[in-house]
Amino acid sequence: ERRLLAAKRSGRPWVPALVRSISDREMLQVSLLENAQRRPPTEVEEARCFARLLREFESLSAAELVDRLGLESDWWARRERLLALPEVVRQAVLLGQITGEHAHALAGIQDPDRQVTWLKRILDGKWDGPEAARRIGEEEVRKPEAGSR
């Protein structure tokens, strides 16, 4: 479609193409690959795409799909956490306001309201991922109460 639109804009009446019949599932795979080739996806986009693949290929477990795609064994576990983040945090990743590293640090906080509060602090402080993770770790990790083990 993109090549045809470009050809029309340049005044060409046609574009060489190979037409194939493929299933909806194959089309989804091709579409995801083409989108990834245009620009690297964010970790939130990767998580959304993987979740969609899991729904489409319901006969495969997440571990089987990770293996078939040649991904690291913990790849899905790390990205799945990002899908549970509040929408405002996911949008900040998608818009490039924060990185995946920031999002992973925020995912370590249990309370969604605190996640949003920390997002604002990250944006205001313009902290990079490691600095945000350090600050979150210092303030959000509960220290064991005296006398408990």
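Residues numbered from 1 in each chain as written. Predicted model: local features only at pLDDT ≥ 70, side-chain atom pairs only at ≥ 80, totals over all residues. Heavy atoms only, no water.

**Section: helix α8 (residues 112–125)**
Stated formally: Put simply, DSSP marks the helices as runs of H or I at least four residues long and the strands as runs of E at least two long, and each gets a number from the N terminus on. Expected span of a helix, by definition, is 1.5 Å for each gap between consecutive residues, and there is one gap fewer than residues. Note on contacts: a residue pair qualifies if any of its non-hydrogen atoms lie within 4.5 Å across the two residues.
For α8, which comprises 14 residues, the first-to-last C-alpha distance of 20 Å matches the rise-based estimate of 20 Å (1.5 Å per residue) to within 8%. As for α8, its buried residues are in contact with α6 (87–94), α7 (100–107) and α9 (129–140).

**What to know about the packing of aromatic side chains**
The geometry of an aromatic ring pair comes down to the distance between the two centres and the angle between the two planes. The test is simple: Only centres within 6.5 Å qualify two rings of Phe, Tyr or Trp (six-membered ring in Trp) as a pair; their planes then separate them into stacked at under 30 degrees, edge-to-face at over 60, and tilted for everything else. When accessible area is computed with a 1.4 Å probe and restricted to protein chains, residues below 20% of their type maximum are described as buried, those above 50% as exposed, and intermediate ones as partly exposed. For a lysine, the NZ atom is tested; for an arginine, the CZ atom; a charge sits over a ring if that atom is within 6 Å of the ring centre and within 35 degrees of the ring normal.
On inspection of all chains with the given rule, the structure shows 3 aromatic pairs. Judged by centre distance (6.2 Å) and plane angle (50 degrees), the rings of W118 and W127 are tilted. Exposure remark for W118: the relative accessible area of 0% places this residue in the buried category. An aromatic cluster is present here, built from F50, W75 and W76 joined pairwise through their rings. Geometry around W118 places R121 over its ring, the cationic atom sitting 4.0 Å from the centre.

**Regarding the pattern of salt bridges**
Selection rule: Just to be clear on terms, a salt bridge is a Lys or Arg side-chain nitrogen sitting within 4 Å of an Asp or Glu carboxyl oxygen.
For the coordinates displayed, the defined rule picks out 9 salt bridges. With a closest N to O distance of 2.5 Å, E46 and R79 form a salt bridge. Highlighted residues: E46 in helix α3 (residues 43–56) and R79 in helix α5 (residues 75–83), separated in sequence by 33 residues. The shortest N-O distance in the salt bridge between R135 and E131 comes to 2.6 Å. A residue pair is termed a helical-turn pair when its members lie 3 or 4 positions apart in one helix, as R135 and E131 do in helix α9 at 4 residues. Look at R135 and you get partly exposed, because its relative accessible area is 31%.

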